[in-house]
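What follows is each chain in one-letter form.
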Amino acid sequence: MRILEQEEIYRRLADLPEWSGGAEALTRTFTATDFLAGIALVDRVAAAAEDLDHHPDIDIRWRTLRFRLSTHSAGGVTDLDVELAHKIEALILET
């Protein structure tokens, strides 16, 4: 699996303005309306991650969720991370 170059990452995240990061990892912080809404979102993200067989790091702090995407086996950001970022963003927009 190929690690994406910084310029390619920026280009592919152009339609995801809430996401940031570089060749090491992509990140997104989201504040849910309440704790249960945040946990429900994490459940939906977990299902999407299982479908891709690619799993994010998720930090939960009350209503604040932080998603971190990196392909650990490749040592950086790959196509899978960008694909999962798009799926997570779609789930956030449904919230």
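This text goes with the structure placed above it.
Residues numbered from 1 in each chain as written. Predicted model: local features only at pLDDT ≥ 70, side-chain atom pairs only at ≥ 80, totals over all residues. Heavy atoms only, no water.

K.L.:
For this particular structure, what's the right way to read the packing of helix α2 (residues 35-52) against helix α3 (residues 79-94)?
P.N.:
If you want to describe how two helices pack, look at the angle between their axes and the distance between the axes. It is the contact of α2 with α3, at a shortest axis distance of 10 Å, that shows an interaxial angle of 150 degrees. The crossing of α2 and α3 is right-handed. Residues L41, R44, V45, A48, A49 and L52 of α2 form the contact with α3, whose own contacting residues are L80, E83, L84, K87, I88, L91 and I92. Class assignment of the residues belonging to the contact of α2 with α3 gives a composition of 10 nonpolar, no polar and 3 charged. (Axes fitted to C-alpha atoms, helices over the stretch in contact; angles between N-to-C directions. Helix = DSSP H or I, 4+ residues; strand = E, 2+ residues; numbered from the N terminus. Left-handed = near helix turned anticlockwise from the far one by under 90°. Contact = heavy atoms within 4.5 Å. Nonpolar A, V, L, I, M, F, W, Y, C, P; charged D, E, K, R; others polar.)

K.L.:
Even after reading the chapter, I still don't get the environment of A46, so can you show me in this structure?
P.N.:
Turning to its location among the elements, A46 is positioned in helix α2. Between the C-alpha atom of A46 and that of I58, which follows or precedes it by 12 residues, the distance is 9.7 Å.

K.L.:
Help me understand the environment of E7, please; the structure alone is not making it clear to me.
P.N.:
By the element assignment, E7 lies in helix α1 (residues 6-12). For E7 and A37, which are 30 residues apart along the polypeptide, the C-alpha to C-alpha distance reads 34 Å.

K.L.:
Please explain the environment of R61 as it appears in this structure.
P.N.:
Mapped onto the secondary structure, R61 falls in strand β3 (residues 57-61). Assessed through its relative accessible area of 56%, R61 is described here as exposed. Linking R61 and T31, residues 30 residues apart in sequence, is a C-alpha distance of 9.4 Å. One polar contact links R61 to D59, side chain to side chain, over a distance of 3.1 Å. (Buried < 20%, exposed > 50% of the residue type's maximum accessible area, 1.4 Å probe, protein only. Polar contact = N/O pair within 3.5 Å; in protein donor to acceptor, adjacent residues only side chain to side chain.)

Just distances and angles here, no functional claims.
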